[in-house]
Amino acid sequence: MEKTLAKYFPVFVLPTLIAFMIGFVAPFIMGIGLSFTEFTTVSDAKFVFLDNYVKAFTTTGFLDALWFTTKFAIVSVLSVNICAFLLALLLTRGMKGTNFFRTVFFMPNLIGGIVLGYIWQLILNGVLAQFGVTLTYDPKYGFWGLVILMNWQMIGYMMIIYIAGIQNISDSVIEAAQIDGATPFKIITNMIVPLVMPSVTICLFLTTSNAFKLFDQNLALTAGSPSDKTVMLALDIYNTFYGRVGWEGVGQAKAVIFFILVAMISLPQLVTTRKREVEE
Amino acid sequence: MQKRNKVLDTTLFIVAILLSIAFIFPIVIVFINSFKGRFFISDAPFSLPTSETFVGVTNYIEGLVKIKFLSAFGWSTFITVFSVIAIVICTSMTAWYIVRVKNKWTSMLYYAFAFSMIVPFQMVMFTLTKVANTLHLDNPFGIIIIYLGFGAGLSVFMFAGFVKSIPLEIEEAAIIDGCNPIQTYFLVVLPVMKPTVITVAILNTMWIWNDYLLPYLLIGTEYKTVPVAIQYLKGGYGSIDMGAMMAMLVLAIVPIVIFYLSCQKYIIKGVASGAIK
């Protein structure tokens, strides 16, 4: 069969391959190349070697965005995962209305980043109006606004993964522990947590890479205000590309650094997923 | 013991109810405000409309006219539906081929697809736009090819994972019965892959429907999708017509909620099994 099928390459692979070349391979290679050049329209590229990378790190903006994004990632990854895990415990007790609760908690995940950003802009500005300020008055409001938004969006998603993990634990193990006199707290910390470690790994990687890649929510909620103090990495790259003529090369260099950063976060995840597939 | 559990259960049930209310609250507030005059929203979003602030469906009409929401909705639907169909058919065929035909080219392709999954959009944002412009793919038809290309990684990866678990015997039987590979694929392989087809379709629908940056950069000036149209409401200098904004947010959320409630079983399952990216 393999030999017959091999002849059908143009039917089975070519359409995807052509689209993949246009939509990924060519732009990716061009992107790497252009990060070492100064350009405004691709065709006028002039080789400048590492100039763009030096500029990326020495001008203000990028490092601030990196620091802001890292802080944001740490806080939101922890809060999202703790909340999601607790909700998963709550919804695996066979409680009445479990399906309804799961439906509600997951729903925000389906709403797009732009829409989410404007929903929370309304809510948070409404709350802050009681104190006579707005979301863009102080960067810390924007920071916590993004954390709250991220939690609202991601908790339900991570909860679903944790629920699947908890449901995989066989009841007999838990029952045996109960008969041996383990307290519910002991069962959670000494049995459930270690047994759902694979789910914890998936969720930590997913939330971290999503936190680093956040763009739409950032654009809609604060757009970086006040004075670019709440700009995250992806938005900073966007602003460098489209906000300053002549800085496209620097934008591309920032994008390459951003890619390396995100790849370092996502690669272990990909490798574990693939390994798990092979073992199955 | 039994009694204590009951108290605990009731407490947790109440906690769950309160949390559900907290989760739905923002959407309800947006809905309520969509019926208030534009100047009564920002300062007091938590107050109900009064006879003074209630404006009926004015905001909806204003929004529909201002950003041509219906046309945005049409383009979003068109692009999402056809991109997802293209992705499902093309990438599942490719995945089957590269798993079944073993040579160094197919394994290289496999790793290239897998690699593309970890590349963030910003990395190719500028160059992809240039390539698409040069090839005249900057229209609602061309963007389908771009979605297929940029989204192929995850989908090929997921289909390939599933193909590995399909026993070869089924396909060999079809070949012996006289099917050519195309018939074998559509009559035997594709039906077996149905669970993954649903997962891939749902993940890509969620991505493409909500995507902002790619349609904005590629076709944003001429053809606006829903997220692009909503962002467009913001205007140049940060002055937002809050009334129209609220109404359009409601119109953007309603179809998603309907879609979610009508196939939530598949969505939740699909999202759980597609938790890679």
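Cut-off values and rules
- Residues numbered from 1 in each chain as written.
- Chains lettered and ligands numbered in written order.
- Predicted model: local features only at pLDDT ≥ 70, side-chain atom pairs only at ≥ 80, totals over all residues.
- Heavy atoms only, no water.
- Helix = DSSP H or I, 4+ residues; strand = E, 2+ residues; numbered from the N terminus.
- Buried < 20%, exposed > 50% of the residue type's maximum accessible area, 1.4 Å probe, protein only.
- Contact = heavy atoms within 4.5 Å.
- Areas by Shrake-Rupley, 256 points an atom, 1.4 Å probe, with all protein chains shown as cover.
- Lys, Arg positive; Asp, Glu negative; His and termini not counted.
- Charge placed at Lys NZ, Arg CZ, Asp CG, Glu CD.
- Core = buried A, V, L, I, M, F, W, Y, C linked by side-chain atoms within 4.5 Å.
- Buried area = accessible area lost by both parts, 1.4 Å probe.
- Salt bridge = Lys/Arg side-chain N within 4 Å of Asp/Glu carboxyl O.
- Polar contact = N/O pair within 3.5 Å; in protein donor to acceptor, adjacent residues only side chain to side chain.
- Nonpolar A, V, L, I, M, F, W, Y, C, P; charged D, E, K, R; others polar.
- Phe/Tyr/Trp six-rings, centres within 6.5 Å; stacked < 30°, edge-to-face > 60°.
- Expected span 1.5 Å × (residues − 1).
- Bend = angle between axes of the 7 residues up to and from the residue.
- Axes fitted to C-alpha atoms, helices over the stretch in contact; angles between N-to-C directions.
- Parallel < 35°, antiparallel > 145°, perpendicular 65-115°, else oblique.
- pLDDT = per-residue confidence, 0-100.

Below, the discussion takes up the overall build of chain A. A count of helices and strands for chain A gives 14 helices and two strands. The principal-axis extents of the C-alpha atoms in chain A amount to approximately 75 × 75 × 30 Å. Across the 280 residues in chain A, those meeting the buried criterion constitute 53%. For chain A, contacts bridging at least 24 residues in sequence account for 71% of all contacts bridging at least 6. Surface accessibility of chain A: about 12400 Å² in total, with carbon and sulfur atoms responsible for 66%. Computed over 17 positive and 16 negative side-chain charges, the separation of the two mean positions in chain A equals 2 Å.

Let us look at the overall build of chain B. The number of helices and strands found in chain B is 13 helices and zero strands. For chain B, the α and β elements follow one another from N to C terminus as α-α-α-α-α-α-α-α-α-α-α-α-α. Projecting the C-alpha coordinates of chain B onto the three principal axes gives extents of approximately 75 × 70 × 35 Å. Counting over 277 residues, chain B shows a buried share of 53%. Contacts in chain B between residues far apart in sequence, at least 24 positions, make up 73% of those at least 6 positions apart.

This part takes up the nonpolar core. Ranked by internal contacts, the top residues of the largest apolar core, which has 191 residues, are M158(A) and I230(B). No other element matches the 16 residues that helix α8 (residues 139-167) of chain A contributes to this core. Contacts of I230(B), omitting those with residues within four sequence positions, involve I114(A), V115(A), Y118(A), I67(B), M245(B), M248(B), L249(B) and A252(B).

Turning next to unusual backbone geometry. The omega angle of the peptide bond from S225(A) to P226(A) is -5°, so this bond is cis rather than trans. With respect to the secondary-structure elements, P226(A) resides in the loop between α12 (216-221) and α13 (233-243). Even without a glycine there, the phi angle at F49(A) is positive, about 55°. Within the secondary structure, F49(A) is located in the loop between β2 (46-47) and α4 (51-58). Non-glycine residue K68(B) carries a positive phi angle of around 50°.

A separate point is the interface of chain A and chain B. The partner chain B presents 100 residues to the 91 residues of chain A that form the contact. Interface area for chain A against chain B, summed over the two sides, is near 8500 Å², with a carbon-plus-sulfur share of 79%. Between chain A and chain B we count one salt bridge in total. Joining chain A to chain B, the criterion identifies 13 residue pairs in polar contact (both at pLDDT 80 or more). When residues in the side of chain A that touches chain B are grouped by element, the largest group, 15 residues, is from helix α14 (residues 248-279) of chain A. Split into classes, the residues belonging to the side of chain A that touches chain B amount to 66 nonpolar, 16 polar and nine charged.

Side-chain pairs of opposite charge can arise whenever the charged atoms involved come near each other. All names here are of chain B. A full pass over the atoms with the stated rule returns seven salt bridges over all chains. Between R38 and E62 there is a salt bridge, with the nearest N and O atoms lying 3.9 Å from each other. With a gap of 24 residues between them, R38 in the loop between α1 (2-33) and α2 (58-66) and E62 in helix α2 connect regions that are remote in the sequence. By relative accessible area, R38 is classed as partly exposed at 36%. E62 gets classed as partly exposed once you look at its relative accessible area, which sits at 33%.

Burial within α13(A) is extensive, with eight of its 11 residues counted as buried. Of the residues making up α13(A), those classed as buried are L233(A), A234(A), L235(A), D236(A), I237(A), Y238(A), T240(A) and F241(A).

Residue and element names in this part refer to chain B. In this structure, N59 sits in helix α2. Since its relative accessible area comes to 6%, N59 is described here as buried. Here N59 is in contact with N33, S34, F35, K36, G243, A244, A247 and M248, once residues within four sequence places are set aside.

A complete count under the given rule lists 48 aromatic pairs over all chains for this structure. A centroid spacing of 5.7 Å and a plane angle of 85° characterise the contact between F12(A) and Y185(B), whose relative ring orientation is edge-to-face. In this pair, F12(A) sits in helix α2 (residues 9-12) while Y185(B) sits in helix α8 (residues 181-192), so the two residues belong to two different chains. Per residue, the accessibility class of F12(A) equals that of Y185(B), and both read buried. Seen in terms of ring centroids, F100(A) and F101(A) are 5.7 Å apart; in terms of plane orientation they differ by 65°. Their pairing is edge-to-face.

Here the focus is α8(A). Residues and elements named next belong to chain A. The end-to-end C-alpha separation of α8 is 41 Å, in line with the 42 Å expected for 29 residues at 1.5 Å each. Of all the bends found along α8, the most pronounced is centred on M154 and spans about 40°. Taken across its 29 residues, α8 has 22 buried, putting it largely inside the fold. Here α8 starts with a cap whose side-chain oxygen sits 2.9 Å from the backbone nitrogen of K140, and that cap is D138.

Time to look at the packing of helix α12 (residues 242-262) of chain B against helix α13 (residues 264-273) of chain B. Residues and elements named next belong to chain B. Closest axis-to-axis distance for the α12/α13 pair is 5 Å, and the angle between their directions is 90°. One way to sum up the angle between α12 and α13 is to call them roughly perpendicular. Contacts from F259, Y260, L261 and S262 of α12 reach α13 at Q264, I267 and I268. In terms of residue class, the contact of α12 with α13 is built from five nonpolar, two polar and no charged.

Residue and element names in this part refer to chain B. Looking at chain B as a whole, the pLDDT averages 90, with 96% of positions reaching at least 70. Highest mean pLDDT in chain B belongs to helix α3 (residues 69-100) (96); lowest belongs to α13 (84). Scored as a complex, the prediction yields pTM 0.91 and ipTM 0.90.

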